[in-house]
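Commentary on secondary and tertiary structure
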Number of protein chains: 2
Amino acid sequence: MRQVAVLGIGQTKIAEQWDHSLREIGGEAGLLAMNEAGLERVDALFVGNMLSPLIDDQNQLGTLLVDWMGLRQTEAVKIEAACGSGAAAFRSALMAVASGEIETALVLGIEKMSDMVGHDVTSALATAADADYELEQGISFVGINALVMRRYMHQFGWKHRDFAPFSINAHANAVHNPWARLREPITAESFEHSSMISTPINLLDASPTGDGAAAVVLVPLERLPRMGPARRIVVRGSASATDTIAVHSREDPLLLRAAQRSAQGAYQMAGVTPQDIDLFELHDAFTIMSALSLEACGFAERGQGVRLGLEHQIELGGRIPVCTRGGLKARGHPVGATGVYQIVEVVQQLRGECAQTQVDGAKLGMAQNIGGSGATVLTHILGVE
Amino acid sequence: MRQVAVLGIGQTKIAEQWDHSLREIGGEAGLLAMNEAGLERVDALFVGNMLSPLIDDQNQLGTLLVDWMGLRQTEAVKIEAACGSGAAAFRSALMAVASGEIETALVLGIEKMSDMVGHDVTSALATAADADYELEQGISFVGINALVMRRYMHQFGWKHRDFAPFSINAHANAVHNPWARLREPITAESFEHSSMISTPINLLDASPTGDGAAAVVLVPLERLPRMGPARRIVVRGSASATDTIAVHSREDPLLLRAAQRSAQGAYQMAGVTPQDIDLFELHDAFTIMSALSLEACGFAERGQGVRLGLEHQIELGGRIPVCTRGGLKARGHPVGATGVYQIVEVVQQLRGECAQTQVDGAKLGMAQNIGGSGATVLTHILGVE
């Protein structure tokens, strides 16, 4: 593949945006990224979105957005891989640019979740699970994660409070991220006493949904010099893998095999090991997913992901800072947009734009976006050229 | 781009498949294509689908299908561009293989429309239109097409019966296609007297929905010799373009600008003109779309697409045979699958596998798949190497 670089980024604040429609939120992020890139047109738009058919009665979202953004006639498509849709759109765009068919690609992750009328967001999110073999039993998506977390606590002997550092770290970092949804710090005390959602997952184990969009402009590396930002950011690794869609079909429900395989693919493509990664934007939809992700990606032994939190290794200055802009937990989780937010945040770190939460001297950043209960996993590694 | 070739195809009969689930139908077509290709695994699955979140409560369909097909861990993603989803998945796969990142890609178009419970298929299909500016007014998707057809008849002076040859030709060809949904011939008489749906569109102007899946295996051309079929089929042209999503936003509602632009892009990439195309699988969701498509792609002057039908030029042996396997009208239109059926049918023609409806000496075939009311259009040209 020819090398692909990031020419511009854009994002909206994640919130309940009652006064902005789906197209307005998407258009804002897309045009911010194009403005930063100095482009008035792109060859193609790749939209990552999961729920617009269910929440907004809108399919064909790619075409809707190029129309709205004043990019009429531009090629556009939507990519869906549940909560992994954002990174899936990024990877599709990456391959399109690498192929030579597309010179300038706009990747746009977007979700507008506040508008749910006549449906229920929990039901909509449950479409990420197996409709015939999981949902038919009446379980929700958080319910599936709760079963996994309980099993993890049982098998490896951890208490619920041991997961607190993941959420505390995410909230502490989000305080400094103007685009984050929850910018208040939390304590171990508040973590332990927040409302129970689905035992053992309580409110502060879980990421909030929200309305938001994030965007990235990708171009071949050779186009960067004449119009790029000072620090050149390139895509070093990209890989996608899947697992059984239903958790109960897995030999070992505590091993995220797709996360493991996609991380290994990304490491191999980049020619690096976990030791080389300076920061990791992981998919902390629930605290249990942070632990499992760190283990699958080679940052911790099986059952020991929680220890990285307890030993402060996931914080700024630690061995592997995660959720440096707040993660899903505090930046927010507008599901189909999340994967693009993660990549935007990695770019901000590599450019040195993160002020109070800057990882000093960051040269390689990783983002991992997960669809379903570890069913579709995409890992990307970006670096300073 | 490196050249990409077709290594295998597969399809299911389009019908109301009450005894087969979404995954069973998709798996059947996918495994047929892989068997024909002689592959037990592929690097990635690209699924084209529009309605599974709305009809089957199922997102993350790519992952569901690789899981079901015994291809666990394989990369998978779903692409959506309304009724253009099938060809959009094909184009994504094409670019992925061309980039060198993917060596063997399975493209799978699938739709299961008979299971609608608690929703209404008409409402689900309407998500292809602009939810805020078209659907809010209460119009359906067929209603939008009816307005366009009425305007065409008014502006160019055609009668409803002048559209009959499109449907008669499609039904005549479907008689010989074992995978087609409607295998009965129709007459000008039955065309004129079928039930009115949305004036002037009657039942025989409109394509039937259905349950079905079609699949194609794509590989780099250099992989063909050691495992391909005798006649080597390569992708010569591919282009995608969009128009305003709402028809009322177009300067000229009778010009399919996206069809025009994507056809021109495909001609240019293939280095051919409309005169070189031996057969054309067009998107005859409604008879009016056949006329507009033929005009946009350069086979007829503005307002004269209907004449090609009246003069028998769209039939076998005519200037530009269309819907040689029955088209959307009679083969059937399982929306997200249609674009892949079209490509499978072009491959069958180029291989010379179409018996009674074979286009003699076909060397170049074109397929055009349309999402929404001409809003997203993908054109592909395939040829014998």
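Right above here is the structure, for reference.
Read on for an overview of the structure. (Residues numbered from 1 in each chain as written. Chains lettered and ligands numbered in written order. Predicted model: local features only at pLDDT ≥ 70, side-chain atom pairs only at ≥ 80, totals over all residues. Heavy atoms only, no water.)

On to the overall build of chain A, then. Looking only at helices and strands, one finds 14 helices and 11 strands in chain A. For 385 residues, the compact-globule estimate of 2.2 N^0.38 gives 21 Å, and the C-alpha radius of gyration of chain A, at 19 Å, lies within 12% of that figure. With respect to the three principal axes, the spread of C-alpha positions in chain A is 55 × 50 × 40 Å. In chain A, which comprises 385 residues, the share counted as buried stands at 68%. Counted over contacts in chain A with a minimum sequence separation of 6, partners at least 24 positions apart contribute 78%. Element-wise, carbon and sulfur atoms account for 48% of the exposed surface of chain A, whose accessible area totals about 12100 Å². (Helix = DSSP H or I, 4+ residues; strand = E, 2+ residues; numbered from the N terminus. Rg over C-alpha atoms; globule rule 2.2 N^0.38 Å. Buried < 20%, exposed > 50% of the residue type's maximum accessible area, 1.4 Å probe, protein only. Contact = heavy atoms within 4.5 Å. Areas by Shrake-Rupley, 256 points an atom, 1.4 Å probe, with all protein chains shown as cover.)

Here the focus is the relation of the copies chain B and chain A. Overlaying chain B on chain A yields an RMSD of 0.0 Å, the required transformation being a rotation through 180° with an accompanying axial translation of 0.0 Å. Within this description, the copies of the chain are treated as partners about a two-fold rotation axis. Ranked by how close their C-alpha atoms come to the rotation axis, the residues of chain B are headed by Ser99 of chain B, at 1.8 Å. In this assembly, 100% of the residues forming the interface of chain B have copies in chain A that are likewise at the interface, indicating an isologous arrangement. (Least-squares fit on C-alpha atoms with pLDDT ≥ 70 in both.)

Across all of its chains, the model carries six aromatic pairs over all chains by this definition. Members of the aromatic cluster, connected to one another through ring pairs, are Tyr152, Phe156 and Phe163 of chain A. (Phe/Tyr/Trp six-rings, centres within 6.5 Å; stacked < 30°, edge-to-face > 60°.)

This part is about the pairing of strand S2 (residues 44-48) of chain A. Residues and elements named next belong to chain A. In terms of burial, S2 is a largely internal element, five of the five residues being buried. One ladder, built from five bridges, connects S2 with strand S3 (residues 75-80); its direction is parallel. Bridge pairing in S3 places Ala44 opposite Glu75. Inspection of the sheet shows S2 paired to strand S4 (residues 105-111) by five bridges, in the parallel sense. The residue bridging Phe46 from the neighbouring strand is Val107, located in S4. (Pairing = 2+ DSSP bridges.)

A word on the environment of Leu65 of chain A. Residue and element names in this part refer to chain A. Inspection of the secondary structure puts Leu65 in helix H3 (residues 61-68). When its relative accessible area of 0% is taken as the criterion, Leu65 is described as buried. With 20 residues separating them along the chain, Leu65 and Leu45 place their C-alpha atoms 8.6 Å apart. For Leu65, the contacting residues outside a window of four places in its chain are Leu22, Arg23, Gly26, Gly27, Leu45, Val47, Leu108 and Ile110.

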